[in-house]
Amino acid sequence: MLSTAELVRRPSRPPDYAAENRALIALAQVMATSPDAILQKLADTALTLCRAHSAGLSLLEEGDQKNNFHWRAIAGQWARHINGGTPRNFGPCGTVLDQDVAMVCSHPELDFPYWAPIKPVLEEGLLIPFHIKGEALGTIWVVAHDTSRRFDAEDLRVMTNLGTFAASAYQTLLSLNATQRIASIVESSDDAIVSKDLNGVIINWNQGAERIFGYTAEEVVGKPITILIPPDRHDEEPSILERIRRGERVEHFETVRMRKHGSRVDISLTISPVKNAEGKIIGASKIARDITERKRSEAQIAILAREAEHRAKNVLATVQATVHLTQSDTPEGLKQAIEGRIQALANVHRLFVESRWEGADLHGLAQEELAAYSPGRETRVQIDGPSVLLEPNAAQAIAVILHELATNAAKYGALSVPNGQVRTEWSHEQNGQLVLRWTEKGGPPVEPPTRRGFGARVMENMVRGQFKGELKLDWHPEGLACEIVLPSVR
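Residues numbered from 1 in each chain as written. Predicted model: local features only at pLDDT ≥ 70, side-chain atom pairs only at ≥ 80, totals over all residues. Heavy atoms only, no water.

**Q** Please explain the packing of aromatic side chains as it appears in this structure.
**A** How two aromatic rings sit relative to each other is set out by the distance from centre to centre and by the angle between their planes. Under the counting rule described, the total for this entry stands at 10 aromatic pairs. Both rings, one in Trp 71 and one in Trp 141, keep their centres 6.0 Å apart while their planes meet at 65°; by these two values the pair is edge-to-face. Of the two residues, Trp 71 is situated in strand 3 (residues 68–76) and Trp 141 in strand 7 (residues 135–144); the sequence distance between them amounts to 70 residues. With a relative accessible area of 3%, Trp 71 lands in the buried category. The interplanar angle of 90° and the centroid separation of 5.1 Å between the aromatic rings of Phe 90 and Phe 112 together place this pair among those described as edge-to-face. Residue Phe 90 is located in the loop between strand 4 (85–87) and helix 4 (92–99), and its partner Phe 112 is located in the loop between strand 5 (103–105) and strand 6 (124–132); the two are separated by 22 residues in the primary sequence. Each residue in the set Trp 71, Trp 78, Phe 90, Phe 112, Tyr 114, Trp 115 and Trp 141 is aromatic and connected to the rest through ring pairs, giving one cluster. (Phe/Tyr/Trp six-rings, centres within 6.5 Å; stacked < 30°, edge-to-face > 60°. Helix = DSSP H or I, 4+ residues; strand = E, 2+ residues; numbered from the N terminus. Buried < 20%, exposed > 50% of the residue type's maximum accessible area, 1.4 Å probe, protein only.)

In structure tokens form, the structure reads like this:
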């Protein structure tokens, strides 16, 4: 690597300012009309003005943490090496940036072995650094591949000017790419992204805003943002604009806005000040996220929590009554009676979970209670009736009633002997009443009880006290017949 002082000692051609001005005008036109082509235009211009054999730009990029120079534009004999490159810390371009001066190099393969395959050879090269906002980001260079071309002081002057232009062009390209990326993100966002001036007039409107609020950009740009605000919330906008004027950011402000056709939508707002190049606040940018589903889920969770609390209290009250009122002649009998009644409640609650607390199907509930009494013998227990979804309170009551009837039948009635049979059936009357019938036959001779047991008291309290229904128990000689009428089960 050599200092450019070597170029001053060589004979120099006269400047061609007219050709240089024409080239710079052409560069400016490309930058204005086709900015993506500006780097290649720079390489072509350097090749022509310096009468080089090859020319190009070496650029450091964020994609590899600026560890390598990338050849994104090449003109001349090296054009086939486009998108090649060299290491940042081991090569001619790295040395130029480290020294932060223009330099001349010759046969870099002698110092950097990876240059050997690059053909034609680099007989002489002139490299000019360029910077963006004080950071060295690349070089612009011209190359001669044989001794027929030797660079001079005029080439140094021209390339220095092109280096300044290259820095401006590359900065413009980076800004353009960043702007395009931001624009792409804004347009593809599911959130509404809206900008407005300090008077609350809408300036920009993305597709997310169109999807959430129903207005197209043509319908709202130039109109006040208050067209989205319900009348009862118009006081929010002056307060937001005042905070923006003070340079404050409004984060995650949950509120309600109106769609085009008047319906309301729950949203979360984040609002930031927008500044111009001088740092003056000129407006605000809003990001609005539709949180309708989240609000609905939160409300549903709150309802379910209250419902669960209510159900838990009911269950605990029922369990408490069961423990206090259950009677037996022996501790073991007492234990079994309590366990059976609590298990009946557990069974119905499992059905509640399956239906997400909407209730329990009567057929499934009857099967739960009677399955233990007919293993492998479906004719012993008969269940018949239409599909009925019982609301939780009614389902809980019917579960306990069926448990009491089945327990009594297993101890004293049809289920206490091998050939006894039980039939459970129900019908839904036109007036909304549910009629449930329990019929036993084939059991031992039945005699009416001399006293009311706990099971009978529980059934009477639930049917007559809780549901204002009717309970009828007939102790026929061939077996118990029970009819329950509930006025409503939904």
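**Q** Explanation requested: the packing of helix 2 (residues 17–33) against helix 3 (residues 38–49) in the structure shown.
**A** In helix packing, the relevant descriptors are the interaxial angle and the interaxial distance, both defined with respect to the helix axes. Contact pair helix 2 / helix 3: the axes reach a minimum separation of 10 Å and the direction vectors enclose 170°. Overall, the two elements helix 2 and helix 3 adopt an arrangement that is roughly antiparallel. Contact residues: Ala 19, Glu 20, Ala 23, Ala 26, Leu 27, Val 30 and Met 31 in helix 2; Ile 38, Lys 41, Leu 42, Thr 45 and Leu 49 in helix 3. Class assignment of the residues belonging to the contact of helix 2 with helix 3 gives a composition of 9 nonpolar, 1 polar and 2 charged. (Axes fitted to C-alpha atoms, helices over the stretch in contact; angles between N-to-C directions. Parallel < 35°, antiparallel > 145°, perpendicular 65-115°, else oblique. Contact = heavy atoms within 4.5 Å. Nonpolar A, V, L, I, M, F, W, Y, C, P; charged D, E, K, R; others polar.)

**Q** Can you help me understand the pairing of strand 11 (residues 264–275) in this one?
**A** If a strand is regular, its side chains alternate between the two faces of the sheet. With 7 bridges joining them, strand 10 (residues 250–258) and strand 11 adopt antiparallel strand pairing. The partner of Glu 254 across the bridge, within strand 11, is Ser 268. Between strand 10 and the antiparallel strand that follows it, strand 11, lie 5 residues; Gly 262 among them carries a positive phi value of about 100°. The sheet contact formed by strand 11 and strand 12 (residues 281–290) spans 9 bridges and is antiparallel. Following the sheet pairing, Lys 275 is matched in strand 12 by Ile 281. (Pairing = 2+ DSSP bridges.)

**Q** Would you mind showing me how to read the nonpolar core here?
**A** One broad rule of soluble globular proteins: the nonpolar side chains tend to lie buried together. Ranked by internal contacts, the top residues of the largest apolar core, which has 40 residues, are Leu 39, Leu 42, Leu 57, Leu 126, Val 142, Met 159 and Leu 162. Mapped onto this core, the elements with two or more residues apiece are helix 2, helix 3, strand 2 (54–60), strand 3, strand 6, strand 7 and helix 5 (153–188). The greatest single-element share of this core, amounting to 10 residues, is contributed by helix 5. Counting 36 residues, the second-largest nonpolar core is a separate cluster that includes Ala 414, Leu 436, Val 458 and Leu 480. (Core = buried A, V, L, I, M, F, W, Y, C linked by side-chain atoms within 4.5 Å.)

**Q** Please clarify how the state of the cysteines should be interpreted in this entry.
**A** Simply put, the disulfide is a covalent bond whose two ends are the sulfur atoms of two cysteines. Per the stated rule, a full pass over the model turns up 0 disulfides. Unpaired in terms of disulfides, Cys 93 finds its nearest cysteine sulfur in Cys 105, a separation of 8.0 Å. (Disulfide = S-S within 2.5 Å.)

**Q** Can you help me understand the pattern of salt bridges in this one?
**A** Proximity of charged atoms lets side chains of opposite charge pair with each other. This structure, assessed with the given rule, holds 32 salt bridges. Residue Glu 6 pairs with Arg 9 through a salt bridge whose shortest N-O separation is 3.0 Å. Judged by relative accessible area, which is 24%, Glu 6 ranks as partly exposed. For the salt bridge of Arg 10 with Glu 6, the shortest nitrogen-to-oxygen distance reads 3.6 Å. If you follow the salt bridges from partner to partner, you end up with Glu 6, Arg 9, Arg 10, Glu 124 and Arg 150 in one network. (Salt bridge = Lys/Arg side-chain N within 4 Å of Asp/Glu carboxyl O.)

**Q** What am I meant to see in the sheet that holds strand 11 here?
**A** Strand pairing in a sheet relies on backbone hydrogen bonds. The paired strands run either parallel or antiparallel. The strand order across the open sheet formed by 5 strands is 9-8-12-11-10, and the pairing between neighbours is antiparallel. Every interior strand has two partners, whereas the edge strands, strand 9 (202–205) and strand 10, have only one. Geometrically, the sheet is characterised by an average inter-axis angle of 30° between neighbouring strands, direction not taken into account.

**Q** What am I meant to see in helix 4 here?
**A** A turn of α-helix holds 3.6 residues, and therefore any two residues three or four places apart point the same way. For helix 4, the full list of buried residues reads Pro 92, Cys 93, Gly 94, Val 96 and Leu 97. On its buried side, helix 4 packs onto strand 2, strand 3, strand 5, strand 6 and strand 7.

**Q** Before we go on, may I ask you to explain the sheet that holds strand 17 (residues 434–441) in this structure?
**A** Sheet architecture is open: 5 strands sit in the order 14-16-17-19-18, paired in mixed fashion. Both outer strands of the open sheet, strand 14 (381–384) and strand 18 (470–476), are each paired with one neighbouring strand and no more. Strand after strand, the sheet turns through a mean of 10° between neighbouring axes, direction not considered. Each of strand 14, strand 16 (421–428) and strand 17 is contacted by helix 11 (residues 362–370), which is oriented at about 170° to strand 14, the strand it contacts most. Its contacts with the sheet put helix 12 (residues 392–411) on strand 16, strand 17, strand 18 and strand 19 (479–486), and the angle it makes with strand 17 is roughly 10°.

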